[in-house]
Amino acid sequence: IAGHMASGIMGSLYKDETIPEIRSGMRATLTNQSYMDGKGDVELPAYTKVGQYWNFLQTKYECCGVDLADAEDYINAKFNDKYDVPFPYSCCVLKDKKDADWRTIRLSNVKDWNLCKAFDADHFHKHDQCHKKEKEWLDGKANFIIGYNFCLLVLALGSFAILLLIVICAMCCN
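First, a word on what this report is: a plain description of the structure on this page. (Residues numbered from 1 in each chain as written. Predicted model: local features only at pLDDT ≥ 70, side-chain atom pairs only at ≥ 80, totals over all residues. Heavy atoms only, no water.)

To continue, consider the overall build of the chain. Counting its secondary structure elements, the chain contains seven helices and zero strands. The order of helices and strands in the chain, counted from the N terminus, is α-α-α-α-α-α-α. Residues classed as buried in the chain amount to 33% of the 174 residues present. Residue pairs in contact within the chain that sit at least 24 positions apart in sequence constitute 70% of those at least 6 positions apart. (Helix = DSSP H or I, 4+ residues; strand = E, 2+ residues; numbered from the N terminus. Buried < 20%, exposed > 50% of the residue type's maximum accessible area, 1.4 Å probe, protein only. Contact = heavy atoms within 4.5 Å.)

Bringing the nonpolar core into the picture now. In terms of nonpolar packing, the biggest core is built from 32 residues, with Tyr35, Trp54, Tyr74, Phe87 and Trp113 touching the most fellow members. Top contributing element to this core by residue count: helix 3 (residues 49-61), with four residues. Not counting the four nearest positions on each side in its chain, tryptophan 113 is found in contact with Val85, Pro86, Phe87, Tyr89, Cys92 and Leu107. (Core = buried A, V, L, I, M, F, W, Y, C linked by side-chain atoms within 4.5 Å.)

In this section: helix 2 (residues 22-32). Given 3.6 residues to a turn, an α-helix orients residues that are three or four positions apart in the same direction. Three or more residues of helix 2 are buried, namely Ile22, Met26 and Leu30. Viewed along the axis of helix 2, the buried residues span an arc of 70°, placing them on a single side of the element. (Arc of directions from axis to C-beta.)

This part covers unusual backbone geometry. Positive phi, close to 50°, is recorded for aspartate 70, a residue that is not glycine. As for its placement among the helices and strands, aspartate 70 is situated in the loop between helix 3 and helix 4 (72-76).

To continue, consider the packing of helix 2 against helix 3. It is the contact of helix 2 with helix 3, at a shortest axis distance of 11 Å, that shows an interaxial angle of 125°. Considered as vectors, helix 2 and helix 3 are oriented oblique to each other. Between helix 2 and helix 3 lies a crossing of left-handed hand. On helix 3, the residues touching Met26, Thr29 and Leu30 of helix 2 are Val50, Trp54 and Leu57. When its residues are assigned to classes, the contact of helix 2 with helix 3 shows five nonpolar, one polar and no charged. (Axes fitted to C-alpha atoms, helices over the stretch in contact; angles between N-to-C directions. Parallel < 35°, antiparallel > 145°, perpendicular 65-115°, else oblique. Left-handed = near helix turned anticlockwise from the far one by under 90°. Nonpolar A, V, L, I, M, F, W, Y, C, P; charged D, E, K, R; others polar.)

This part is about a nonpolar patch on the surface. There is a patch of nonpolar side chains on the surface, built from Phe160, Leu164 and Ile168 and spanning about 280 Å² of accessible area. Along the chain, the position of phenylalanine 160 falls in helix 7 (residues 130-173). (Patch = residues over 30% accessible without salt bridge, like charges linked within 9 Å, V, L, I, M, F, W, Y side chains within 5 Å. Areas by Shrake-Rupley, 256 points an atom, 1.4 Å probe, with all protein chains shown as cover. Salt bridge = Lys/Arg side-chain N within 4 Å of Asp/Glu carboxyl O.)

Here we take up the state of the cysteines. In total, this model carries three disulfides according to the counting rule given. Between cysteine 63 and cysteine 130 runs a disulfide, and the two sulfur atoms are separated by 2.0 Å. A torsion of 100° about the S-S bond marks the disulfide between cysteine 63 and cysteine 130 as right-handed. One end of the pair, cysteine 63, is in the loop between helix 3 and helix 4; the other, cysteine 130, is in helix 7, with 67 residues separating them in the sequence. Cysteine 130 carries the same exposure label as cysteine 63, and that label is buried. Here cysteine 92 is linked by a disulfide to cysteine 116, with a sulfur-sulfur distance of 2.0 Å. The chirality of the disulfide connecting cysteine 92 with cysteine 116 is left-handed, given an S-S dihedral of about -90°. Separated by 24 residues along the polypeptide, cysteine 92 in the loop between helix 5 (79-83) and helix 6 (113-117) and cysteine 116 in helix 6 bring together distant segments of the chain. The residues cysteine 92 and cysteine 116 share a single accessibility class, namely buried. Here the bonded cysteines of the chain are numbered in sequence order, and their pairing is 1-6, 2-3, 4-5. (Disulfide = S-S within 2.5 Å.)

This part is about helix 3. Along its 13 residues, helix 3 runs 18 Å from first to last C-alpha, staying within 8% of the 18 Å computed at 1.5 Å per residue. Every buried residue of helix 3 is accounted for by Val50, Gly51, Gln52, Trp54, Asn55, Leu57, Gln58, Thr59 and Tyr61. Glutamate 62 sits one or two residues past helix 3 and shows a positive phi near 55°. (Expected span 1.5 Å × (residues − 1).)

If you want it as structure tokens, here you go:
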């Protein structure tokens with residue numbers, strides 16, 4: 001019983017205290033961590049683990065950057081100076097999302113790089129920013145943990161109450 005209470009409380013604290021910090025953490029990774037292994041082959045970049053995470057996130061949610069429009073997060077992080085591209089290819093609409101490796105998006109995966117760079121709505125992911133999508137996903141997981149543990153707590157207390165009634169009835173009948 002105490003474990004379910006503790007899990008529910010931890011889920012609630014996580015939701016209230018940790019999830020709001022996601023935005024600053026995401027922005028810090030773009031600014032302070034390497035996305036690619038330096039300036040290399042622009043068409044076939046070598047992504048770091050951070051770059052692979054961002055590519056996966058941006059491809060899955062069809063978003064670009066943390067929470068600023070038109071790749072401003074990447075512009076502010078001096079992405080073009082570091083890697084010779086203004087923003088990652090995963091900010092663009094892909095030719096075939098199913099066949100692409102979401103962690104290592106290449107120029108050849110992009111539907112039209114020139115239109116994407118021009119922030120054309122049919123070729124650049126403007127719909128939602130990644131922070132919003134990631135926060136929604138984490139909120140859902142935290143709500144599940146809280147609800148699941150609340151249900152288990154109710155079942156445990158209910159079982160205990162039924163067991164207590166059985167014991168009381170057994171004692172009264174003897």
